[in-house]
Every structure is written in C-alpha cells, then in structure tokens.
Amino acid sequence: MSNPLPLSRRDVIEARLAEGRQIVAASLAVEFNVSEDAVRRDLRALAAEGKCRRVYGGALPLLTPSQPMATRVGQESGRKKALAKAAVAMIEAGEFLFFDSGSTNLAIVDLLPKDLKATIATNSIDIASAIMKRGDIPLVLIGGAVDPVVGGSVDASAVAAIEAMNIDRCFLGVCAVSARNGISVYEHADAIFKRTLLKRSAARIALITSEKFHERAPHRIGGADDIDWLVVEDDLPAADEKAASDAGFSLVKASDVTSSS
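Here goes a summary of the coordinates provided.

Cut-off values and rules
Residues numbered from 1 in each chain as written. Predicted model: local features only at pLDDT ≥ 70, side-chain atom pairs only at ≥ 80, totals over all residues. Heavy atoms only, no water. Helix = DSSP H or I, 4+ residues; strand = E, 2+ residues; numbered from the N terminus. Buried < 20%, exposed > 50% of the residue type's maximum accessible area, 1.4 Å probe, protein only. Pairing = 2+ DSSP bridges. Axes fitted to C-alpha atoms, helices over the stretch in contact; angles between N-to-C directions. Contact = heavy atoms within 4.5 Å. Core = buried A, V, L, I, M, F, W, Y, C linked by side-chain atoms within 4.5 Å. Phe/Tyr/Trp six-rings, centres within 6.5 Å; stacked < 30°, edge-to-face > 60°. Arc of directions from axis to C-beta.

Let us look at unusual backbone geometry. Although it is not a glycine, N33 sits at a positive phi angle of roughly 55°. The residue N33 is located in the loop between α2 (25-32) and α3 (36-48) in this model. Note on N33: relative accessible area 72%, which makes it exposed.

The sheet built from seven strands is open, its strands ordered β6-β5-β4-β9-β12-β14-β15 with parallel pairing. On the outer flanks of this sheet lie β6 (139-141) and β15 (251-253), each paired with one strand and no other. On average, each strand axis in the sheet is tilted by 25° relative to the strand beside it, whichever way the strands run. Pairing geometry for strand β14 (residues 229-232) and β15, over three bridges, is parallel. Opposite L230, over in β15, you have L251 as the bridge partner. In the packing of helix α7 (residues 125-134) onto the sheet, the strands contacted are β4 (96-99), β5 (119-122) and β6, and the crossing angle to β6 comes to about 155°.

What follows concerns the environment of L46. Looking at the element boundaries, L46 is found in helix α3. On a C-alpha basis, the gap between L46 and A59 in space is 9.5 Å, while along the polypeptide they are 13 residues apart.

Counting 32 residues, the largest nonpolar core has F98 and L172 as the members making the most contacts within it. The set of elements that each furnish at least two residues to this core consists of β4, α8 (156-163), β9 (167-172), β11 (182-185), α9 (188-199), β12 (201-208) and β14. Here this core gets four residues from one element, more than from any other, and that element is α9. Of all hydrophobic cores here, the second largest spans 25 residues; its members include L83, A86, A118 and I205.

What follows deals with the packing of aromatic side chains. One pass over the structure, following the stated rule, counts two aromatic pairs. Ring geometry for F99 against F171: centres 5.5 Å apart, planes inclined by 80°, an arrangement best described as edge-to-face. Remark: F171 occurs in strand β9 and F99 occurs in strand β4; sequence separation between them is 72 residues. Both residues of the pair, F99 and F171, belong to the buried class.

Further remarks concern α8. Inspection of α8 places A158, V159 and I162 among the buried residues, and these make up the whole buried set. The buried residues of α8 all sit within an arc of 100° when viewed along its axis, so they share a single face. Of the surrounding secondary structure, the elements contacted by the buried residues of α8 are β4, β8 (152-153) and α9.

Bringing the sheet that holds strand β13 (residues 219-222) into the picture now. The pairing of strands in a sheet comes from backbone hydrogen bonds and takes either a parallel or an antiparallel form. Read from one edge of the open sheet, three strands run β10-β11-β13, paired in antiparallel fashion. A single partner strand is all that each edge strand has here, and the edge strands are β10 (176-178) and β13. Here the average twist between neighbouring strands, direction ignored, is 35°. Two elements, β11 and β13, share three bridges in a ladder whose sense is antiparallel. Along β13, the bridge assignment pairs I183 with G222.

So this is what it looks like as structure tokens:
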C-alpha cells in the first residue's frame, strides 16, 4: 500500500507529535501552502494509524499510560542501579534527604553506606519499607491516602507535611523530560506534591533513564530553573543531551559522578 501522505509533511507532523506538541491545522496549512482540508486528511490518516488524537482544529499527541509502582519495581534494574550509584555519591554527611516515590529512587536504598549520617524522608511505601528493613537510617514517612500508580502519598495532607520541612537534598521522581515542556508526570496530584517538594528543597536532583526524554506526560512540574541536576545514563543519545543542555538543564553522566567520588 502506498503512503497517503507526502513524506516530508508526515515527518514534520510526527516529529512534532513526538515532542508533545499540539498540531494546529490552520497553521500547518499556511506553513506547507496547502488547504486545511489537506492537513485534516493527513491528521485523520495519522489518527487511524494510532499516532495522534484528533481534536477540533488539529490533533494532540497520544499519552503513554503510566504503570503502577508495583509493576515498575524490578524493571531495568541494572540501568537504575547505575543511576542510583551516582545518587549515593552526591549525598553529603548530615543531610536531611527526601526520596520521592519512584522505582529508580528505590534502587538507591540498598546502595547507601552502613555508616550514613543522614535522615531520610519519603512518601513511598516501598522506599520506607526498604529503609526500615535496613534498620540503620532514621526515617520520616509522609502519610496520607496512597496512590497506587504513584506508589505513595501525594494528597493534601502529604503536601502540608512537605510545606513544614527544610530539605537539604531531594531525589525527585520524574515521568518525562522535554526541552520544550520541562519535567512532567502523569498524575495531577503528584505534580502538585512535587512542585511543593522542589520549593522546600535546597538541592534538587532527578535520576533519568534515557527513554524518559521521549515520553510525554500531561502535568508539568517545572523547567530547567527548578531542578539542579539531571543524572543521566552514559549512553544518552547525543541529540537528546544537546537538546536538554540547550534548554538549560544541567546534565551529569552517571559515570562522571561515580568516578569522581
């Protein structure tokens, strides 16, 4: 079957959808000097292929559904461990730390040294359980209604608890990173919680597996000015690294942190 769309126009539309951008038929018609009807036919064809969602006047990217925390635990454990090693190397003695709910942050717990002089707060059931099993680190558990997708508490009571804290260093859980849209998550309440967490933390760090640079999530937490470091994998594609750096993010390769510690 022949492709019903001119390749150049199709490439442009798909690339913009991949970046999480909305497609406006009228603007695209002017850009390509074609009729709006032609653009709408293009968008209908892409929607039929499952590559976008039609809305009045254009199209929106599809959202990747979030997996529950219980499903994410154990996935890509080797990659997460490499990032977790970098996180441990960034911790300083005597800090009040916050581990936001997330499977990559959970991987940090087993790598913490036995003589760690720090207190850890978390909103994550799994992270709190792992710290309790160690039995050698003071723990503050943020309570409230547990969101099964997030794997922890992010409701109003959890936000209120964070408002009363002075956190030295937080490790933020992130679902998507974009040069255009910043850092984002899937759940609305989780985004509110994380914005408060960033506000109450002196140093703000996120451990990012490479595929998160190609995910799209609807609720923005903030931009490059709102986070101090993104710890990324050694094999992050050069194009993704450049786009994030150009957007103002401070990127640190995991091996750079561990080799200098």
